[in-house]
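Inside the fold
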Amino acid sequence: MIGKIKEIIKGFDRELFRLQSRKKAFEIAKYLFTHYSIVFYILGLLALFVLPYKPVHDNAVVDEKALLVGQVIKYFKSEHMNSKLPNALWDEQVDSHFRASEIQQTLDSLGLDTSLQRFSFLQDDTWINGTNTHGILRSPRGEGTEAIVITAPQRVANGQFNQNGIDVLLSFASFCTKFSFWSKDIIFMISDQDYVGTHFWLEAYHGERSKSFYISYDPLKNHAGSIMSVLNLEFGGSGKYSAIGLHPIGVNGRLPNADLVTSAGLSYLYSGVPMIINEDGQQVEDNEPLMDYYKKSVWNLLSFLKTQALGFPKYQHSLFSRYNIEAITLSGVSIEGEYEYVDTVHIAMGLETICRSLNNLLERFHHAYWFYYMPSANSFIPLSKYIGPLTIIISAAIFKSLELWWNTGTIPYVIPKGYKRQSWRFLQKGFGESNFSSLIRPLYMPFLTIIFCSMFSVQIFYLMDTIRFAAQNQFQSALFMLFATVMSQQMMALFMIPLLQRLYCGEAGASRVTTAPVWKILKCMINGGLGLFLLSVAAMNPSLALVMAILLVPSFIMIRPTKSLIFYSFQMFVLFIISPPVILAIYGLVYGDYTVATQFLSDIWHHWSLFGGLLLPWICLGYWPLTLAAQVLVTMEL
């Protein structure tokens, strides 16, 4: 026995062992990718169900110690709550410009540096006018190089007047003038015409001028320092609320630094004011039973994912993220069946605590993270925990692409029973392997298919503005025009490209013995392109990447040409269901009104053209070409 061991050691070749180990590892990886690609998808889905589990969450802790959240004496009292604005100002008949002028006079009476900004824009062939107001409190203890912005729109997201939010803003502005501990400028801004007014104010503040005939806005007469952080107040209704809503998500799903969100949440939680995430979230208590905590976390995470995936600027703070400014919105939330005891005094006291913490900050936020999920107002799921399931799901498509590329390069062979390799000490080819066993990969038709499908989607992208214009002028319904254009292109793609494939790979084409099937190469490209596309989207909007991955990855892994009419019909049905036009139709069907889908179509274009929202190009230039190419693949010959 010892002699045999010595003989093996004596004949051991390190370089040969390295080559054999690498080849064995490659064979194992190839086997796993071939047989278990879908398993990675299932494992990723199962891992997602762990995220709402309480032990996975990190408690909200401020990483920037200079903020000193909740460690100041609060000076704001109920007697400071006096905005001096008449209630008649909030009548529907009052012009918004007159309302802005009255607010400016109030800010001017406090000794602030105030100004008005007029703007106008064309919407549905109608010129809409608006007026922004802002006042600047110059820092008594600073050089005026940094600023905190407190904003309040004239109307909240649901269309109600933001009377309570503006009352808090004006009362807090009056309070701030009585103290000299402010080391940063404080800008109090009241915007008009929803988030459009905020957009024009931001562009003017950063020195940009209107470059389009369809929009016009005045330059600002006075400026403050570089904007460090923004707090937006939206409190409509009666003035009594069950909780305060915390809204961190900006345009394209961008999030502010977690320290700002944590500072705002802890400032109110330390005062006993309940906080929830988004307007439809649920309040989560740390001492709740584990199952109740899990259910509420699931609901809050789904709400968070939906809002981030769409990336629409629903609240005023959303637009500040385009300039890398940390911003959040605080809103009043009334929960049915719960006592409403949170009033404007509670709101203003928490606002003082937040601003005092921001006043301590000596530099921009950088200690905490910018990628996270929020199952509650006082807990986080950081990137290091949620990126794992997302990456595992996406990797299933990448592994499928690698498996197809490997398997289409060699002629398959069957190892007979009883076959054994010779001595492991010699590097040798396996059974059926030779220098002439490789297949030719036909790349022309797959590339042509991807290019054609991309061209169809790009055409839709550039036709969106024309479709919107025709719908606004009542030439035809936007949905009808979109579906007519899409269906004509679908028919071209599903009939023209397979016809070219039959001509290219027919009797006069390359030999099927020495050439890999075209559909396998196309499937390899589709899955590889899907993986790269989803990883790119995940770098900016992980929620949108997750939604797309859940829909597309299993479909793209399983599709293939077939002679079975039932399997063919099932594949086409699934691919049509996950295509953007059908999803839009289902969206309108769920709401029972297709004008909702038409409005969504208009909004998605409006956000792209005005605010740089990326949902439309992501769908038209990434998601749609891949689904169209997958439909073409199913119609190809085996």
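That block above? That's the structure.
Residues numbered from 1 in each chain as written. Predicted model: local features only at pLDDT ≥ 70, side-chain atom pairs only at ≥ 80, totals over all residues. Heavy atoms only, no water.

As a further point, take the side chain of Ser 242. Tracing the chain through its elements places Ser 242 in the loop between strand E7 (226-234) and strand E8 (243-247). The residues contacting Ser 242, other than those within four sequence positions of it, are Pro 274, Val 333, Ser 334, Ile 335, Glu 338, Tyr 339, Glu 340 and Val 342. (Helix = DSSP H or I, 4+ residues; strand = E, 2+ residues; numbered from the N terminus. Contact = heavy atoms within 4.5 Å.)

This paragraph deals with the packing of helix H6 (residues 258-269) against helix H8 (residues 344-360). Relative to each other, H6 and H8 sit at 140°, their axes nearing to 9 Å. One way to sum up the angle between H6 and H8 is to call them oblique. In the crossing of H6 with H8, the sense of the turn from one axis to the other is right-handed. Note on element contacts: H8 touches H6 through His 346, Ile 347, Gly 350, Leu 351, Thr 353, Ile 354 and Leu 358, opposite Leu 260, Ser 263, Ala 264, Ser 267 and Tyr 268. (Axes fitted to C-alpha atoms, helices over the stretch in contact; angles between N-to-C directions. Parallel < 35°, antiparallel > 145°, perpendicular 65-115°, else oblique. Left-handed = near helix turned anticlockwise from the far one by under 90°.)

With that out of the way, let us pick up a nonpolar patch on the surface. A grouping of Ile 28, Tyr 31, Leu 32, Tyr 36, Val 39, Ile 42, Leu 43, Leu 46, Phe 49 and Ile 392 is seen on the molecular surface, where their side chains present a nonpolar patch of about 900 Å² in accessible area. A total of eight residues in the nonpolar patch trace back to one element, the largest contributor, which is helix H2 (residues 14-48). Following the sequence through the fold, Tyr 36 ends up in helix H2. A relative accessible area of 35% places Tyr 36 in the partly exposed class. (Patch = residues over 30% accessible without salt bridge, like charges linked within 9 Å, V, L, I, M, F, W, Y side chains within 5 Å. Areas by Shrake-Rupley, 256 points an atom, 1.4 Å probe, with all protein chains shown as cover. Salt bridge = Lys/Arg side-chain N within 4 Å of Asp/Glu carboxyl O. Buried < 20%, exposed > 50% of the residue type's maximum accessible area, 1.4 Å probe, protein only.)

Moving on to the pattern of salt bridges. Going through the model one piece at a time under the given rule, you end up with 10 salt bridges. Across the pair Arg 138 and Asp 113 runs a salt bridge, and its minimum N-O distance is 2.9 Å. Of this pair, Arg 138 sits in the loop between strand E3 (126-137) and strand E4 (146-153) while Asp 113 is found in strand E2 (residues 113-123), placing the two residues 25 residues apart along the sequence. Among the residues examined, Arg 138 registers a relative accessible area of 37% and is labelled partly exposed. Given a relative accessible area of 30%, Asp 113 falls into the partly exposed group. Between Lys 296 and Glu 288 there is a salt bridge, and its shortest N-O distance comes to 3.1 Å. When its relative accessible area of 23% is taken as the criterion, Lys 296 is described as partly exposed. One network of salt bridges, in which partners are shared, links Asp 113, Arg 138 and Asp 185.

A few words on unusual backbone geometry. Despite not being glycine, Gln 193 has its phi angle at roughly 55°, a positive value. With respect to the element layout, Gln 193 can be found in the loop between strand E5 (185-191) and helix H5 (195-205). On the accessibility criterion, Gln 193 (28% relative accessible area) is partly exposed. With a phi close to 55°, Asn 324 is a non-glycine residue in the positive phi region.

So, on to the packing of helix H12 (residues 518-538) against helix H13 (residues 542-558). Contact pair H12 / H13: the axes reach a minimum separation of 9 Å and the direction vectors enclose 170°. Considered as vectors, H12 and H13 are oriented roughly antiparallel to each other. Each of Lys 523, Ile 526, Asn 527, Leu 530, Phe 533, Leu 534, Val 537 and Ala 538 in H12 lies in contact with H13, whose residues at this interface are Pro 542, Leu 544, Ala 545, Met 548, Ala 549, Leu 552, Val 553, Phe 556, Ile 557 and Met 558. Looking at the contact of H12 with H13 residue by residue, the classes come out as 16 nonpolar, one polar and one charged. (Nonpolar A, V, L, I, M, F, W, Y, C, P; charged D, E, K, R; others polar.)

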